[in-house]
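# Working through the structure, step by step
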Amino acid sequence: MIKTYHIDGQLVTVTGRPRHHPTVYTIHVAGIPIAGSVEKTGLGSFLARDGSRRPLGTFTSLPRAVEQVVREEPR
């Protein structure tokens, strides 16, 4: 599954691996992978993590979680 978003004027692509438990979503900004990721929790929410696997927050929607990861990514 691939989803595309525009965050802060950047093209962000999210790829999910549904066979992996929990489902982990990897994130590319302008075609470049970033270290942060999002995991779908057993309760159906989305846990955003930075490159050090530190939690950035839990969100009810995938786009909000991805936005948090992208905004935390050092540029």
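Here is a short report on the structure shown in this document. (Residues numbered from 1 in each chain as written. Predicted model: local features only at pLDDT ≥ 70, side-chain atom pairs only at ≥ 80, totals over all residues. Heavy atoms only, no water.)

Formed by 18 residues in total, the largest nonpolar core has its most connected members in Val12, Val14, Ile27, Val38, Leu62, Val66 and Val70. Put simply, the parts of the chain that give this core at least two residues each are strand E1 (2-7), strand E2 (10-17), strand E3 (24-29), strand E4 (32-40), strand E5 (46-49), strand E6 (55-59) and helix H1 (62-72). Sorting elements by how many residues they give to this core places H1 first, with five residues. With near-sequence residues (within four places) excluded, valine 14 lies in contact with Met1, Ile2, Lys3, Tyr5, Tyr25, Thr26, Ile27, Leu62 and Val66. (Core = buried A, V, L, I, M, F, W, Y, C linked by side-chain atoms within 4.5 Å. Buried < 20%, exposed > 50% of the residue type's maximum accessible area, 1.4 Å probe, protein only. Helix = DSSP H or I, 4+ residues; strand = E, 2+ residues; numbered from the N terminus. Contact = heavy atoms within 4.5 Å.)

The strand order across the open sheet formed by six strands is E1-E2-E3-E4-E5-E6, and the pairing between neighbours is antiparallel. Each having just a single partner strand, E1 and E6 make up the two edges of the open sheet. Taking each pair of neighbouring strands and ignoring which way they run, the sheet shows an average axis angle of 25°. Relative to E2, E1 runs antiparallel, the two sharing six bridges. Pairing of isoleucine 7 across the sheet is with glutamine 10, part of E2. (Pairing = 2+ DSSP bridges. Axes fitted to C-alpha atoms, helices over the stretch in contact; angles between N-to-C directions.)

Tallied over the full model, the rule gives six salt bridges. Aspartate 8 serves as the salt-bridge partner of arginine 71, at 2.7 Å between the closest nitrogen and oxygen. Of the two residues, arginine 71 is situated in helix H1 and aspartate 8 in the loop between E1 and E2; the sequence distance between them amounts to 63 residues. For arginine 71, a relative accessible area of 44% translates into the label partly exposed. (Salt bridge = Lys/Arg side-chain N within 4 Å of Asp/Glu carboxyl O.)

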